[in-house]
Amino acid sequence: MEEKVERRYPVNVEELYAILTSKAFFEQRYAWGRVEHYRFEAFEPQGDGFLIRIVQPMAIRLDKVPGFARKFLPEQAELTTEFRWHPASGGYQAEYRFVLGHVPVKVGGTMTLRQDGDQALQSTRVAVKSSVPLVGRKLESLIAERFEQALEGDYRHTIRYIEEHHDAG
């Protein structure tokens with residue numbers, strides 16, 4: 001299952017890249033989400049780019065999960081979020097992935113930042129794939145739906161961060 005989402009931000013591409021590779025940005029986002037338990041496993045330049053890897057222990061509310069998916073989801077797992085940023089034509093691109101413990105679903109894709117007029121354009125491509133036969137597609141749909149909600153939340157938090165931390169003009 002694949003999705004593509006485009007978002008516009010009221011800053012230039014350099015400013016958006018600086019935000020998305022800033023520890024202060026992630027710390028603020030987690031604070032807004034009342035997430036206290038997370039750790040930066042990597043947050044450093046790597047080659048011509050930048051590597052970010054954040055691990056967050058999560059409790060999974062199985063009462064909110066359809067019955068077919070429960071046996072694939074633990075009650076506790078670590079969510080690993082990883083971005084590998086590098087310069088790309090007209091901006092930057094990250095390969096990213098999300099891994100939730102040993103859940104048999106892979107989420108990953110690319111995030112591209114480029115200048116579009118006086119705004120930065122973020123294009124996110126995400127692929128959700130499950131290795132489970134039969135119920136794999138349902139599991140993919142379930143995860144993809146949650147991921148879409150997460151992308152929308154990311155957008156709102158990034159706009160809020162820009163409004164609170166960047167002077168206009």
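Just above sits the structure.
Residues numbered from 1 in each chain as written. Predicted model: local features only at pLDDT ≥ 70, side-chain atom pairs only at ≥ 80, totals over all residues. Heavy atoms only, no water.

A look at unusual backbone geometry
Counted only if it meets this: Numbering goes from the N terminus for both helices and strands, where a helix is a DSSP run of H or I of at least four residues and a strand is a run of E of at least two. Relative accessible area decides the class of each residue, using a 1.4 Å probe on protein chains only: under 20% of the type maximum gives buried, over 50% gives exposed, and in between gives partly exposed.
Phi at R34 takes a positive value of approximately 55°, unusual for a residue other than glycine. On the secondary structure map, R34 appears in the loop between helix 2 (23-32) and strand 2 (39-46). Residue R34 is classed as exposed on the basis of its relative accessible area of 74%.

Some points on the pattern of salt bridges
For clarity, the cut-off: We count a salt bridge whenever a side-chain nitrogen from Lys or Arg sits within 4 Å of a carboxyl oxygen from Asp or Glu.
Counting across every chain of the model gives 13 salt bridges. Across the pair E140 and R137 runs a salt bridge whose closest N-O atoms are separated by 3.7 Å. Taken together, the residues span about one helical turn, with E140 and R137 both in helix 4 (residues 136-165) at a distance of three residues. Overall, E140 belongs to the buried group, its relative accessible area being 7%. Exposure remark for R137: the relative accessible area of 63% places this residue in the exposed category. With a closest N to O distance of 3.1 Å, E164 and R160 form a salt bridge. In this pair, E164 and R160 are both assigned in helix 4, four residues apart and thus about one turn of the helix distant. Look at the salt bridges and you will find they share partners, linking R39, E41, R53, E78, E82, R84 and R97 into a network.

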